[in-house]
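Overview (structure and organization)
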Amino acid sequence: MEIGTRIHAYTDDALGRLDACGIAARIASGEVSAREVVQAAVDRARVVDPQLNALAATDFDAALAAAGDADRSAATTRAPLHGVPTLIKDNTAVAGLPTQHGSVSFTAAPAAVTGRFAADMLATGMIALGKSRLPEFAFNVTCEYTDAEPVRNPWNPAFSAGGSSGGAAAMVAAGVVPVAHATDAGGSIRVPAAACGLVGLKPSRGRVAADPADLAMPLRIAVQSVVSRSVRDTAIMLTEAERHHRNPRLRPVRNVRGPGSTRLRIGVLSQSPTTHPLDADARAAIRATAELLSGLGHEVVEADYPVSPDYLREFMLYLGMLMAMIRANARRIVGSDLDRERMDATTAGIADHYLRSAAATPLMLARLAQVRRRYVAMFRDYDVLLSPTLAHATPELGHLTPDQDFDTWLDRFAAYDGIAPLNNISGTPAVTLPLHRTSSGLPCGVQFAGGIGEERTLLELAFELEEAASWPLIDNSWP
(Lines give C-alpha, C1' and ligand atoms only; values in the text may rest on other atoms or scores of the structure.)
Protein backbone atom coordinates (compact mmCIF):
# COMPACT_ATOMS: atom_id res chain seq x y z
CA MET A 1 0.00 0.00 0.00
CA GLU A 2 1.39 3.36 -1.02
CA ILE A 3 0.58 5.97 1.61
CA GLY A 4 -1.14 8.93 -0.03
CA THR A 5 -2.85 6.83 -2.72
CA ARG A 6 -6.63 6.78 -2.66
CA ILE A 7 -8.12 3.35 -2.01
CA HIS A 8 -11.41 2.48 -3.65
CA ALA A 9 -13.20 -0.39 -5.36
CA TYR A 10 -15.30 1.44 -7.95
CA THR A 11 -15.51 -0.46 -11.19
CA ASP A 12 -18.03 -1.28 -13.90
CA ASP A 13 -19.70 -4.15 -12.05
CA ALA A 14 -23.31 -4.53 -10.88
CA LEU A 15 -22.82 -1.78 -8.27
CA GLY A 16 -21.19 0.68 -10.62
CA ARG A 17 -20.99 4.15 -9.11
CA LEU A 18 -24.62 4.26 -7.99
CA ASP A 19 -26.04 5.17 -4.61
CA ALA A 20 -28.49 2.88 -2.80
CA CYS A 21 -31.55 4.33 -4.54
CA GLY A 22 -29.89 3.91 -7.92
CA ILE A 23 -28.88 0.32 -7.19
CA ALA A 24 -32.41 -0.54 -5.99
CA ALA A 25 -33.87 0.92 -9.19
CA ARG A 26 -31.44 -1.13 -11.26
CA ILE A 27 -32.48 -4.31 -9.46
CA ALA A 28 -36.19 -3.45 -9.77
CA SER A 29 -35.83 -2.94 -13.52
CA GLY A 30 -34.26 -6.37 -13.93
CA GLU A 31 -31.04 -4.94 -15.29
CA VAL A 32 -29.12 -6.72 -12.52
CA SER A 33 -30.09 -9.22 -9.84
CA ALA A 34 -29.75 -8.79 -6.10
CA ARG A 35 -27.27 -11.67 -6.06
CA GLU A 36 -25.10 -9.96 -8.69
CA VAL A 37 -25.12 -6.77 -6.63
CA VAL A 38 -24.24 -8.51 -3.36
CA GLN A 39 -21.53 -10.56 -5.09
CA ALA A 40 -20.04 -7.32 -6.43
CA ALA A 41 -20.02 -5.87 -2.90
CA VAL A 42 -18.34 -9.01 -1.54
CA ASP A 43 -15.71 -8.85 -4.27
CA ARG A 44 -15.07 -5.19 -3.54
CA ALA A 45 -14.74 -5.85 0.19
CA ARG A 46 -12.16 -8.53 -0.47
CA VAL A 47 -10.14 -6.09 -2.57
CA VAL A 48 -10.02 -3.07 -0.24
CA ASP A 49 -10.52 -4.32 3.32
CA PRO A 50 -7.01 -5.82 3.62
CA GLN A 51 -5.82 -2.22 3.20
CA LEU A 52 -8.57 -0.35 5.10
CA ASN A 53 -9.18 -2.82 7.98
CA ALA A 54 -12.80 -1.67 8.25
CA LEU A 55 -14.69 -4.96 8.70
CA ALA A 56 -15.22 -6.48 12.14
CA ALA A 57 -17.13 -9.64 11.13
CA THR A 58 -18.56 -10.96 7.89
CA ASP A 59 -20.92 -13.66 6.70
CA PHE A 60 -20.69 -13.40 2.94
CA ASP A 61 -22.29 -16.79 2.36
CA ALA A 62 -25.40 -15.80 4.32
CA ALA A 63 -25.56 -12.48 2.45
CA LEU A 64 -25.38 -14.22 -0.92
CA ALA A 65 -28.04 -16.70 0.16
CA ALA A 66 -30.29 -13.83 1.27
CA ALA A 67 -29.74 -12.14 -2.09
CA GLY A 68 -30.81 -15.32 -3.86
CA ASP A 69 -33.96 -15.40 -1.75
CA ALA A 70 -34.57 -11.75 -2.61
CA ASP A 71 -34.38 -12.52 -6.33
CA ARG A 72 -37.01 -15.22 -5.91
CA SER A 73 -39.43 -12.99 -4.01
CA ALA A 74 -42.45 -11.54 -5.77
CA ALA A 75 -41.85 -8.08 -7.20
CA THR A 76 -45.01 -6.78 -5.54
CA THR A 77 -43.61 -7.55 -2.08
CA ARG A 78 -40.22 -5.99 -2.60
CA ALA A 79 -39.10 -3.28 -0.16
CA PRO A 80 -37.74 0.09 -1.38
CA LEU A 81 -34.04 -0.86 -1.08
CA HIS A 82 -34.51 -4.46 -2.15
CA GLY A 83 -31.18 -6.23 -2.57
CA VAL A 84 -28.90 -3.31 -1.67
CA PRO A 85 -25.83 -4.40 0.36
CA THR A 86 -24.99 -2.72 3.65
CA LEU A 87 -23.07 -3.14 6.92
CA ILE A 88 -24.12 -2.90 10.57
CA LYS A 89 -21.81 -1.25 13.11
CA ASP A 90 -20.29 -3.69 15.60
CA ASN A 91 -21.88 -2.12 18.67
CA THR A 92 -25.32 -3.21 17.47
CA ALA A 93 -26.71 -6.73 17.54
CA VAL A 94 -27.16 -8.76 14.35
CA ALA A 95 -28.64 -12.20 14.85
CA GLY A 96 -25.98 -14.88 14.39
CA LEU A 97 -22.98 -12.55 14.68
CA PRO A 98 -21.07 -11.50 17.82
CA THR A 99 -21.23 -7.90 19.03
CA GLN A 100 -17.65 -7.21 20.00
CA HIS A 101 -17.89 -3.41 20.53
CA GLY A 102 -14.41 -2.94 19.05
CA SER A 103 -12.82 -4.56 22.09
CA VAL A 104 -10.49 -7.52 22.67
CA SER A 105 -11.14 -7.41 26.41
CA PHE A 106 -13.95 -10.00 26.18
CA THR A 107 -15.34 -12.57 23.77
CA ALA A 108 -18.93 -12.05 22.66
CA ALA A 109 -21.34 -14.84 21.82
CA PRO A 110 -23.41 -14.61 18.62
CA ALA A 111 -26.47 -12.42 19.12
CA ALA A 112 -29.88 -14.08 19.29
CA VAL A 113 -31.80 -11.15 17.81
CA THR A 114 -31.08 -8.09 15.71
CA GLY A 115 -31.22 -4.61 17.28
CA ARG A 116 -34.32 -2.51 16.72
CA PHE A 117 -32.94 0.14 14.38
CA ALA A 118 -30.76 -2.39 12.54
CA ALA A 119 -33.90 -4.50 12.00
CA ASP A 120 -35.70 -1.44 10.65
CA MET A 121 -32.80 -0.85 8.26
CA LEU A 122 -32.89 -4.41 6.99
CA ALA A 123 -36.69 -4.19 6.62
CA THR A 124 -36.01 -1.79 3.72
CA GLY A 125 -34.75 -4.82 1.81
CA MET A 126 -31.05 -4.21 2.36
CA ILE A 127 -28.75 -7.16 2.94
CA ALA A 128 -25.99 -7.01 5.54
CA LEU A 129 -22.57 -8.33 4.52
CA GLY A 130 -21.45 -8.23 8.14
CA LYS A 131 -20.31 -5.68 10.70
CA SER A 132 -18.08 -2.62 10.57
CA ARG A 133 -15.32 -1.71 13.01
CA LEU A 134 -15.35 0.95 15.71
CA PRO A 135 -12.97 1.99 18.51
CA GLU A 136 -13.33 0.20 21.84
CA PHE A 137 -16.89 0.74 23.10
CA ALA A 138 -17.15 3.71 20.69
CA PHE A 139 -15.19 5.98 23.09
CA ASN A 140 -12.88 7.57 20.52
CA VAL A 141 -13.16 9.65 17.36
CA THR A 142 -10.71 7.45 15.46
CA CYS A 143 -10.68 3.69 14.91
CA GLU A 144 -7.26 2.96 16.37
CA TYR A 145 -6.24 0.21 18.76
CA THR A 146 -3.41 -0.84 21.04
CA ASP A 147 -2.99 -4.32 19.55
CA ALA A 148 -4.54 -4.14 16.07
CA GLU A 149 -4.23 -2.31 12.78
CA PRO A 150 -6.25 0.92 12.53
CA VAL A 151 -9.09 1.64 10.15
CA ARG A 152 -7.57 3.75 7.39
CA ASN A 153 -9.09 6.65 5.49
CA PRO A 154 -9.62 5.66 1.84
CA TRP A 155 -8.81 9.20 0.70
CA ASN A 156 -5.33 8.85 2.20
CA PRO A 157 -4.50 5.74 4.26
CA ALA A 158 -2.02 7.63 6.42
CA PHE A 159 -4.99 9.46 7.98
CA SER A 160 -7.82 8.54 10.32
CA ALA A 161 -11.22 7.55 8.96
CA GLY A 162 -12.78 9.13 12.05
CA GLY A 163 -14.87 7.45 14.67
CA SER A 164 -16.62 5.91 16.13
CA SER A 165 -18.40 4.82 12.91
CA GLY A 166 -15.09 4.82 11.05
CA GLY A 167 -15.35 1.34 9.60
CA ALA A 168 -18.76 2.14 8.13
CA ALA A 169 -17.54 5.42 6.64
CA ALA A 170 -14.43 3.84 5.11
CA MET A 171 -16.47 1.11 3.39
CA VAL A 172 -19.04 3.56 2.01
CA ALA A 173 -16.44 6.03 0.79
CA ALA A 174 -14.41 3.26 -0.84
CA GLY A 175 -17.46 2.04 -2.76
CA VAL A 176 -18.00 -1.34 -1.08
CA VAL A 177 -21.55 -0.49 0.02
CA PRO A 178 -23.55 2.66 -0.76
CA VAL A 179 -24.91 3.17 2.76
CA ALA A 180 -24.03 1.73 6.17
CA HIS A 181 -25.40 1.75 9.70
CA ALA A 182 -23.82 4.20 12.14
CA THR A 183 -24.38 5.49 15.66
CA ASP A 184 -23.75 8.90 17.21
CA ALA A 185 -23.26 9.73 20.91
CA GLY A 186 -20.80 12.59 20.48
CA GLY A 187 -20.35 13.02 16.75
CA SER A 188 -19.78 9.37 15.82
CA ILE A 189 -21.83 9.62 12.62
CA ARG A 190 -20.73 13.11 11.64
CA VAL A 191 -17.01 12.84 12.47
CA PRO A 192 -16.27 9.89 10.14
CA ALA A 193 -18.65 11.23 7.49
CA ALA A 194 -16.71 14.49 7.48
CA ALA A 195 -13.37 12.65 7.44
CA CYS A 196 -14.38 10.40 4.54
CA GLY A 197 -16.40 12.80 2.37
CA LEU A 198 -19.91 11.50 3.14
CA VAL A 199 -23.37 12.63 4.19
CA GLY A 200 -23.99 11.94 7.87
CA LEU A 201 -27.26 12.83 9.61
CA LYS A 202 -27.69 12.59 13.37
CA PRO A 203 -31.48 12.51 13.97
CA SER A 204 -33.37 14.16 16.80
CA ARG A 205 -33.52 12.35 20.12
CA GLY A 206 -36.41 9.89 19.91
CA ARG A 207 -36.78 10.11 16.12
CA VAL A 208 -35.75 6.51 15.39
CA ALA A 209 -36.02 3.24 17.29
CA ALA A 210 -33.51 2.89 20.10
CA ASP A 211 -31.89 -0.19 21.59
CA PRO A 212 -32.29 -0.85 25.34
CA ALA A 213 -28.75 0.33 26.15
CA ASP A 214 -29.47 3.72 24.56
CA LEU A 215 -32.73 4.08 26.48
CA ALA A 216 -31.00 3.26 29.78
CA MET A 217 -28.68 6.29 29.62
CA PRO A 218 -29.36 9.00 32.25
CA LEU A 219 -29.09 11.53 29.40
CA ARG A 220 -29.98 9.95 26.08
CA ILE A 221 -27.13 11.20 23.91
CA ALA A 222 -26.94 8.21 21.51
CA VAL A 223 -28.94 7.82 18.32
CA GLN A 224 -28.68 5.54 15.28
CA SER A 225 -28.73 6.36 11.59
CA VAL A 226 -26.50 5.85 8.53
CA VAL A 227 -23.62 7.29 6.54
CA SER A 228 -24.15 7.57 2.80
CA ARG A 229 -22.80 9.14 -0.38
CA SER A 230 -26.01 10.96 -1.35
CA VAL A 231 -28.67 13.02 0.38
CA ARG A 232 -31.48 10.92 -1.08
CA ASP A 233 -30.06 7.74 0.49
CA THR A 234 -30.00 9.39 3.90
CA ALA A 235 -33.50 10.79 3.31
CA ILE A 236 -35.03 7.46 2.34
CA MET A 237 -33.46 5.73 5.32
CA LEU A 238 -35.03 8.27 7.68
CA THR A 239 -38.37 8.00 5.89
CA GLU A 240 -38.37 4.23 6.21
CA ALA A 241 -37.25 4.34 9.85
CA GLU A 242 -40.19 6.63 10.57
CA ARG A 243 -42.58 4.06 9.12
CA HIS A 244 -41.51 1.65 11.85
CA HIS A 245 -41.11 4.14 14.70
CA ARG A 246 -43.32 7.24 14.69
CA ASN A 247 -42.70 9.63 17.56
CA PRO A 248 -45.84 11.80 17.96
CA ARG A 249 -43.87 14.46 19.83
CA LEU A 250 -41.77 15.24 16.74
CA ARG A 251 -42.73 16.88 13.47
CA PRO A 252 -43.04 14.12 10.83
CA VAL A 253 -40.24 13.90 8.29
CA ARG A 254 -42.20 11.99 5.67
CA ASN A 255 -40.67 11.56 2.21
CA VAL A 256 -38.22 14.36 1.38
CA ARG A 257 -37.37 14.21 -2.32
CA GLY A 258 -35.65 17.49 -3.07
CA PRO A 259 -34.93 21.09 -2.07
CA GLY A 260 -37.44 23.17 -0.17
CA SER A 261 -38.71 26.56 -1.33
CA THR A 262 -38.56 28.34 2.03
CA ARG A 263 -35.63 30.71 2.44
CA LEU A 264 -34.05 30.18 5.84
CA ARG A 265 -32.46 32.35 8.50
CA ILE A 266 -29.08 30.72 9.03
CA GLY A 267 -26.80 31.54 11.94
CA VAL A 268 -23.09 31.15 11.19
CA LEU A 269 -20.93 29.82 14.03
CA SER A 270 -17.48 30.71 12.78
CA GLN A 271 -15.62 29.98 16.02
CA SER A 272 -15.25 26.89 18.19
CA PRO A 273 -17.41 26.67 21.34
CA THR A 274 -14.30 25.53 23.23
CA THR A 275 -11.02 27.29 23.89
CA HIS A 276 -9.42 25.44 20.97
CA PRO A 277 -9.40 27.48 17.71
CA LEU A 278 -10.61 26.39 14.30
CA ASP A 279 -7.90 25.69 11.76
CA ALA A 280 -7.57 27.56 8.47
CA ASP A 281 -9.39 24.85 6.48
CA ALA A 282 -12.42 24.91 8.78
CA ARG A 283 -12.60 28.71 8.65
CA ALA A 284 -12.33 28.72 4.86
CA ALA A 285 -15.08 26.08 4.56
CA ILE A 286 -17.46 28.16 6.66
CA ARG A 287 -16.79 31.34 4.68
CA ALA A 288 -17.35 29.58 1.35
CA THR A 289 -20.52 27.88 2.57
CA ALA A 290 -21.95 31.12 3.96
CA GLU A 291 -21.34 32.79 0.57
CA LEU A 292 -23.02 29.89 -1.23
CA LEU A 293 -26.07 30.04 1.05
CA SER A 294 -26.36 33.79 0.63
CA GLY A 295 -26.20 33.38 -3.13
CA LEU A 296 -29.08 30.90 -2.92
CA GLY A 297 -31.20 33.54 -1.21
CA HIS A 298 -30.96 32.48 2.41
CA GLU A 299 -30.49 35.08 5.15
CA VAL A 300 -27.04 34.44 6.59
CA VAL A 301 -26.04 36.16 9.84
CA GLU A 302 -23.28 35.75 12.40
CA ALA A 303 -24.16 33.86 15.59
CA ASP A 304 -22.44 32.99 18.85
CA TYR A 305 -22.50 29.84 20.95
CA PRO A 306 -24.54 30.32 24.14
CA VAL A 307 -22.48 27.84 26.15
CA SER A 308 -19.41 28.12 28.35
CA PRO A 309 -16.13 27.11 26.65
CA ASP A 310 -15.66 24.40 29.29
CA TYR A 311 -18.93 22.62 28.43
CA LEU A 312 -16.94 19.78 26.88
CA ARG A 313 -15.37 19.00 30.25
CA GLU A 314 -18.82 18.10 31.62
CA PHE A 315 -19.59 16.06 28.52
CA MET A 316 -16.37 14.07 28.83
CA LEU A 317 -17.20 13.35 32.47
CA TYR A 318 -20.56 12.04 31.32
CA LEU A 319 -18.89 9.77 28.76
CA GLY A 320 -16.59 8.57 31.54
CA MET A 321 -19.60 7.77 33.69
CA LEU A 322 -21.05 5.62 30.89
CA MET A 323 -17.76 3.76 30.47
CA ALA A 324 -17.49 3.23 34.22
CA MET A 325 -21.02 1.75 34.16
CA ILE A 326 -20.07 -0.61 31.32
CA ARG A 327 -16.92 -1.70 33.11
CA ALA A 328 -18.73 -2.30 36.42
CA ASN A 329 -21.70 -4.11 34.85
CA ALA A 330 -20.02 -5.82 31.91
CA ARG A 331 -21.53 -9.26 32.43
CA ARG A 332 -25.05 -7.84 32.29
CA ILE A 333 -24.31 -5.39 29.44
CA VAL A 334 -22.08 -7.42 27.10
CA GLY A 335 -22.55 -10.93 28.52
CA SER A 336 -18.99 -11.36 29.76
CA ASP A 337 -16.53 -10.03 32.28
CA LEU A 338 -13.89 -7.65 30.89
CA ASP A 339 -10.18 -8.33 31.09
CA ARG A 340 -9.16 -4.87 32.27
CA GLU A 341 -5.54 -5.51 31.37
CA ARG A 342 -6.55 -5.76 27.71
CA MET A 343 -8.65 -2.60 27.58
CA ASP A 344 -7.33 0.39 25.66
CA ALA A 345 -5.66 3.03 27.81
CA THR A 346 -8.08 5.78 26.78
CA THR A 347 -11.16 3.63 27.41
CA ALA A 348 -9.97 2.79 30.90
CA GLY A 349 -8.67 6.34 31.32
CA ILE A 350 -12.00 7.99 30.61
CA ALA A 351 -13.71 5.79 33.21
CA ASP A 352 -11.02 6.54 35.79
CA HIS A 353 -11.26 10.24 34.90
CA TYR A 354 -14.93 10.16 35.87
CA LEU A 355 -14.43 8.12 39.03
CA ARG A 356 -12.02 10.74 40.38
CA SER A 357 -14.87 13.27 40.14
CA ALA A 358 -17.88 11.00 40.71
CA ALA A 359 -19.10 13.08 43.67
CA ALA A 360 -19.80 15.92 41.23
CA THR A 361 -22.22 13.82 39.14
CA PRO A 362 -25.38 15.81 40.10
CA LEU A 363 -23.64 19.08 39.25
CA MET A 364 -22.37 17.65 35.95
CA LEU A 365 -25.88 16.53 34.93
CA ALA A 366 -27.33 19.90 35.94
CA ARG A 367 -24.76 21.76 33.84
CA LEU A 368 -25.43 19.55 30.81
CA ALA A 369 -29.15 20.27 31.21
CA GLN A 370 -28.33 23.99 31.14
CA VAL A 371 -26.27 23.51 27.97
CA ARG A 372 -29.25 21.71 26.42
CA ARG A 373 -31.68 24.50 27.24
CA ARG A 374 -29.38 27.25 25.98
CA TYR A 375 -28.54 25.52 22.74
CA VAL A 376 -32.17 24.61 21.95
CA ALA A 377 -33.16 28.24 22.63
CA MET A 378 -30.98 29.37 19.71
CA PHE A 379 -33.57 28.01 17.30
CA ARG A 380 -35.99 30.73 18.36
CA ASP A 381 -33.77 33.08 16.35
CA TYR A 382 -32.42 30.81 13.62
CA ASP A 383 -33.89 28.08 11.41
CA VAL A 384 -30.49 26.45 10.93
CA LEU A 385 -27.02 26.82 12.44
CA LEU A 386 -23.97 26.50 10.19
CA SER A 387 -20.63 25.42 11.65
CA PRO A 388 -17.64 23.29 10.77
CA THR A 389 -18.25 19.65 11.59
CA LEU A 390 -14.78 19.47 13.13
CA ALA A 391 -12.39 22.11 14.39
CA HIS A 392 -9.56 20.77 12.24
CA ALA A 393 -8.95 18.30 9.44
CA THR A 394 -8.94 14.60 10.15
CA PRO A 395 -5.54 13.88 11.72
CA GLU A 396 -2.86 11.44 10.74
CA LEU A 397 -3.08 8.05 12.38
CA GLY A 398 -1.38 8.16 15.76
CA HIS A 399 -2.62 11.61 16.76
CA LEU A 400 -5.61 10.21 18.69
CA THR A 401 -4.27 6.72 19.29
CA PRO A 402 -5.40 5.11 22.57
CA ASP A 403 -1.79 4.16 23.25
CA GLN A 404 -0.74 7.54 24.66
CA ASP A 405 -0.91 9.61 27.82
CA PHE A 406 -4.58 10.09 28.74
CA ASP A 407 -4.36 13.85 29.36
CA THR A 408 -2.71 14.35 25.98
CA TRP A 409 -5.42 12.30 24.29
CA LEU A 410 -8.18 14.21 26.10
CA ASP A 411 -6.82 17.58 25.00
CA ARG A 412 -6.48 16.39 21.41
CA PHE A 413 -10.02 15.00 21.48
CA ALA A 414 -11.36 18.36 22.69
CA ALA A 415 -9.41 20.25 20.04
CA TYR A 416 -10.86 18.05 17.28
CA ASP A 417 -14.44 17.19 18.25
CA GLY A 418 -15.56 20.23 20.23
CA ILE A 419 -18.67 21.08 18.17
CA ALA A 420 -20.67 17.92 17.43
CA PRO A 421 -21.45 16.92 21.07
CA LEU A 422 -23.74 19.94 21.46
CA ASN A 423 -26.33 18.17 19.32
CA ASN A 424 -26.09 15.00 21.41
CA ILE A 425 -26.54 16.94 24.64
CA SER A 426 -29.45 18.96 23.25
CA GLY A 427 -31.12 16.17 21.26
CA THR A 428 -31.19 18.34 18.14
CA PRO A 429 -30.62 16.98 14.62
CA ALA A 430 -27.52 17.83 12.59
CA VAL A 431 -26.16 16.81 9.22
CA THR A 432 -22.64 17.04 7.83
CA LEU A 433 -22.13 17.51 4.10
CA PRO A 434 -18.82 17.04 2.21
CA LEU A 435 -18.87 20.46 0.59
CA HIS A 436 -15.19 21.26 0.84
CA ARG A 437 -11.68 19.85 0.98
CA THR A 438 -8.63 20.73 2.98
CA SER A 439 -5.45 22.26 1.61
CA SER A 440 -3.99 18.73 1.55
CA GLY A 441 -6.89 17.35 -0.49
CA LEU A 442 -8.85 15.57 2.24
CA PRO A 443 -12.62 15.97 2.62
CA CYS A 444 -13.79 18.79 4.88
CA GLY A 445 -17.32 18.50 6.24
CA VAL A 446 -19.67 21.35 7.08
CA GLN A 447 -22.43 20.88 9.65
CA PHE A 448 -26.00 22.17 9.59
CA ALA A 449 -28.03 21.88 12.80
CA GLY A 450 -31.76 22.37 13.26
CA GLY A 451 -34.28 22.59 16.04
CA ILE A 452 -35.65 19.43 17.62
CA GLY A 453 -37.74 17.57 15.04
CA GLU A 454 -36.51 19.65 12.08
CA GLU A 455 -34.87 16.90 10.03
CA ARG A 456 -37.07 17.79 7.08
CA THR A 457 -35.65 21.33 7.02
CA LEU A 458 -32.11 19.96 7.11
CA LEU A 459 -32.73 17.43 4.35
CA GLU A 460 -34.36 19.99 2.07
CA LEU A 461 -31.37 22.29 2.57
CA ALA A 462 -28.98 19.38 1.99
CA PHE A 463 -30.71 18.54 -1.30
CA GLU A 464 -30.38 22.18 -2.37
CA LEU A 465 -26.68 22.29 -1.56
CA GLU A 466 -26.05 18.93 -3.25
CA GLU A 467 -27.54 20.38 -6.44
CA ALA A 468 -25.67 23.67 -6.13
CA ALA A 469 -22.24 22.25 -5.25
CA SER A 470 -22.15 18.52 -5.84
CA TRP A 471 -19.36 16.50 -4.28
CA PRO A 472 -17.31 13.85 -6.05
CA LEU A 473 -16.78 10.16 -5.46
CA ILE A 474 -13.32 9.18 -4.35
CA ASP A 475 -12.38 8.02 -7.87
CA ASN A 476 -13.12 11.41 -9.43
CA SER A 477 -10.96 14.52 -9.34
CA TRP A 478 -12.29 17.19 -6.99
CA PRO A 479 -13.40 20.36 -8.79
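Residues numbered from 1 in each chain as written. Predicted model: local features only at pLDDT ≥ 70, side-chain atom pairs only at ≥ 80, totals over all residues. Heavy atoms only, no water.

**Section: the environment of P259**
For clarity, the cut-off: The secondary structure listing takes helices from DSSP runs of H or I that are at least 4 residues long and strands from runs of E that are at least 2 residues long, numbered from the N terminus. Three exposure classes are used, based on accessible area relative to the maximum for each residue type with a 1.4 Å probe and protein chains only: buried under 20%, partly exposed in between, and exposed over 50%. In what follows, residue pairs with any heavy atoms lying within 4.5 Å of each other are defined as contacts.
With respect to the helices and strands, the residue P259 is situated in the loop between helix 8 (231–244) and strand 9 (265–268). We classify P259 as partly exposed; its relative accessible area is 36%. Sequence-distant contacts of P259, defined by excluding residues within four places in its chain, comprise E460, F463, E464 and E467.

**Focus: the side chain of K131**
To keep it simple, the criterion reads: Polar contact is the term for a pair of N or O atoms within 3.5 Å; when the atoms are in protein, one must be able to donate a hydrogen and the other to accept it, and sequence-neighboring residues count only if both atoms are side-chain atoms.
Positionally, K131 belongs in strand 3 (residues 127–132). A distance of 3.1 Å separates a polar atom in the side chain of K131 from a polar atom in the side chain of D90. At a separation of 3.2 Å, a polar atom in the side chain of K131 contacts the side chain of T99.

**Regarding the UniProt feature "domain: Amidase" (unreviewed entry) in the protein**
Selection rule: UniProt positions are given in the numbering used here, feature names are shortened, and annotations may be inferred rather than shown by experiment.
Listed under "domain: Amidase" (unreviewed entry) in the UniProt record, and renumbered for this structure, are residues 36–459. Overall, residues 36–459 shows 38% helix and 16% strand. The separation of its end C-alpha atoms is 31 Å.

**Let's talk about unusual backbone geometry**
Negative phi values dominate among residues other than glycine, just as trans dominates among peptide bonds. In the segment running from G163 into S164, the intervening peptide bond is cis, with an omega of 10 degrees. The topology assignment puts S164 in the loop between strand 5 (156–160) and helix 5 (166–173). Look at H101: it is not a glycine, yet its phi comes out positive at around 55 degrees. Here H101 lies in the loop between strand 2 (85–89) and helix 4 (116–122). Its identity is not glycine, yet A138 carries a phi of approximately 65 degrees, on the positive side. Considering the arrangement of structural elements, one finds A138 in the loop between strand 3 and strand 4 (152–153).

**Here's the deal with helix 10 (residues 311–328)**
Counted only if it meets this: By definition here, a helix of n residues has an expected span of 1.5 Å times n minus one.
In this model helix 10 runs 26 Å from its N-terminal to its C-terminal C-alpha over 18 residues, within 8% of the 26 Å that 1.5 Å per residue would give. Among the 18 residues of helix 10, 15 are classified as buried, and the element is accordingly described as predominantly covered.

**Looking at the sheet that holds strand 1 (residues 55–58)**
What counts, and what does not: Being paired, for any two strands, means DSSP has found at least two bridges between them. Lines fitted to C-alpha atoms define the axes, with helix axes restricted to the stretch in contact, and inter-axis angles between N-to-C directions lie between 0 and 180 degrees.
With mixed pairing, 3 strands are arranged side by side in an open sheet as 1-3-2. Each edge of the open sheet is held by one strand with a lone partner, namely strand 1 and strand 2. The sheet shows a mean angle of 40 degrees between the axes of neighbouring strands, taken without regard to direction. Bridging between strand 1 and strand 3 involves 3 bridges; their strand directions are antiparallel. The residue of strand 3 that forms the bridge with T58 is G130. Along the sheet, helix 2 (residues 34–52) makes contact with strand 1, strand 2 and strand 3, crossing strand 3 at roughly 20 degrees.

**Some points on helix 14 (residues 406–416)**
Because an α-helix completes one turn every 3.6 residues, residues spaced three or four positions apart along the sequence face the same direction. Of all the residues in helix 14, the buried ones are F406, W409, L410, F413, A414, A415 and Y416. In this structure, the buried side of helix 14 is in contact with helix 6 (190–196), helix 10 and helix 12 (345–355). The N-cap of helix 14, judged by a side-chain oxygen 3.2 Å from the amide nitrogen of D407 a few residues on, is D405.

**Details of the packing of aromatic side chains**
For any two aromatic rings, the description comes down to two numbers: the centre-to-centre distance and the angle of the planes. How we decide: Only rings of Phe, Tyr and Trp enter the pairing, Trp through its six-membered ring, and a pair is recorded when the two centres are within 6.5 Å. The plane angle decides the type: under 30 degrees is stacked, over 60 is edge-to-face, the rest tilted.
Applying the stated criterion across every chain yields a total of 4 aromatic pairs. A ring pair is formed by W409 and F413, whose centres lie 5.3 Å apart and whose planes are at 55 degrees; its orientation type is tilted. Of the two residues, W409 and F413 both sit in helix 14, 4 residues apart, roughly one turn of that helix. Each member of the pair, W409 as well as F413, carries the same accessibility label: buried. One aromatic cluster in this structure is built from F406, W409 and F413.

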